[in-house]
Amino acid sequence: MNCPNITHPDWLALVKEVGEKRAWALYLQNGEEIPQPSTRAEYMGVYPNPEKLMLQDEVESTLNKLSSMTGIKWKWNAELGKGVTGRWSPKGGVEINPMRITADAPWHEFLHPMIETIFRDNKTLWETMVDKLESTTTGQVIVAQVKRDYPQYTPGSDIFNKEAVTTLLGNIASTSDQNKKEYKVWEKVILYIKSLLNKV
């Protein structure tokens, strides 16, 4: 992928008009050329999916809140690779692909360091989490999903279980009408994560 000249007046005008994340999305959709329309309405016309645009605003708001709570930086990255929604690394923070946004992506990526902390510092809670993965219906659905999405991970391995727990908790966190039964099963974990956030 070619990057736009971010100092070019057309790029600066586009970013000012629609924001950086939308500018990147429009740039990619426009065949890696800076689109030329001059009004926000025309820019919005170039973007084919207004629901996705609203989701992008919601995701950005969530990312900003989580970043503020945790001190972990985040950024948009349209070059994460085919099929990659987001990633977290200790050095790079959280990166989200603006072209593959999902409501659970911010939660999922920001949960990775929390799950790593639980794995390292609270083995009893970690073992409880793995047991819940294996013994609940939702956990089994997530395990099947992780097997499909991450065939390179060995089922039952630490990396596999970390991804499964993170996926499950990300789904719970991003659902506004949380399944009370599911929340209750994971309440101890959620409270522990909240306590980690309060220490930051």
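Residues numbered from 1 in each chain as written. Predicted model: local features only at pLDDT ≥ 70, side-chain atom pairs only at ≥ 80, totals over all residues. Heavy atoms only, no water.

K.L.:
Quick rundown of the overall build of the protein? Include the residues and the values.
P.N.:
Within the protein, the regular secondary structure consists of nine helices and three strands. Along the protein, from the amino end to the carboxyl end, the secondary structure elements read α-α-α-α-β-β-β-α-α-α-α-α. Here the protein holds 200 residues, and the buried ones make up 42% of them. Taking as baseline every contact in the protein between residues at least 6 positions apart, the subset at least 24 positions apart corresponds to 48%. (Helix = DSSP H or I, 4+ residues; strand = E, 2+ residues; numbered from the N terminus. Buried < 20%, exposed > 50% of the residue type's maximum accessible area, 1.4 Å probe, protein only. Contact = heavy atoms within 4.5 Å.)

K.L.:
A description of the sheet that holds strand β3 (residues 93–96) should follow, citing residues and the corresponding values.
P.N.:
With mixed pairing, the three strands of this open sheet are ordered in space as β1-β3-β2. On the outer flanks of this sheet lie β1 (74–76) and β2 (86–89), each paired with one strand and no other. Averaged over all neighbouring strand pairs, the angle between strand axes comes to 15°, with direction disregarded. Of the pairings in the sheet, the one linking β1 to β3 comprises three bridges and is parallel in character. Each residue of the ladder has a partner; that of Trp76, found in β3, is Ile96. Against the sheet, helix α5 (residues 105–121) contacts β1, β2 and β3, and its axis sits at roughly 25° relative to β2. (Pairing = 2+ DSSP bridges. Axes fitted to C-alpha atoms, helices over the stretch in contact; angles between N-to-C directions.)

K.L.:
Could you give me a rundown of the environment of Ser67, with the residues and numbers involved?
P.N.:
Positionally, Ser67 belongs in helix α4 (residues 50–70). Residues Ser67 and Pro106, 39 residues apart in the sequence, show an inter-C-alpha distance of 9.6 Å. Once residues lying within four places of it in the same chain are set aside, the contact partners of Ser67 are Ile72, Lys73, Trp74 and Phe110.

K.L.:
Before we move on, could you go through the nonpolar core and cite the residues and values that matter?
P.N.:
With 25 residues, the main nonpolar core has Met129, Leu169 and Trp186 as its most contacted residues. Those elements giving two or more residues to this core turn out to be α5, α6 (123–135), α7 (137–149), α8 (158–174) and α9 (180–199). Looking at this core, the element that brings in the most residues is α8, giving six residues. Those residues in contact with Leu169 that lie beyond four places of it in its chain are Leu111, Ile115, Met129, Trp186, Val189, Ile190 and Ile193. One finds Leu55, Leu63, Leu66 and Val94 within the second-largest nonpolar core, a separate group that totals twelve residues. (Core = buried A, V, L, I, M, F, W, Y, C linked by side-chain atoms within 4.5 Å.)

K.L.:
Tell me about the packing of α6 against α7, residues and numbers included.
P.N.:
The geometry of α6 relative to α7 is characterised by a closest axis approach of 5 Å and an angle of 90° between their N-to-C directions. Relative to α7, α6 is oriented roughly perpendicular. In contact with Lys132, Leu133, Glu134 and Ser135 of α6, α7 contributes Thr137, Gly139, Gln140 and Val143. (Parallel < 35°, antiparallel > 145°, perpendicular 65-115°, else oblique.)

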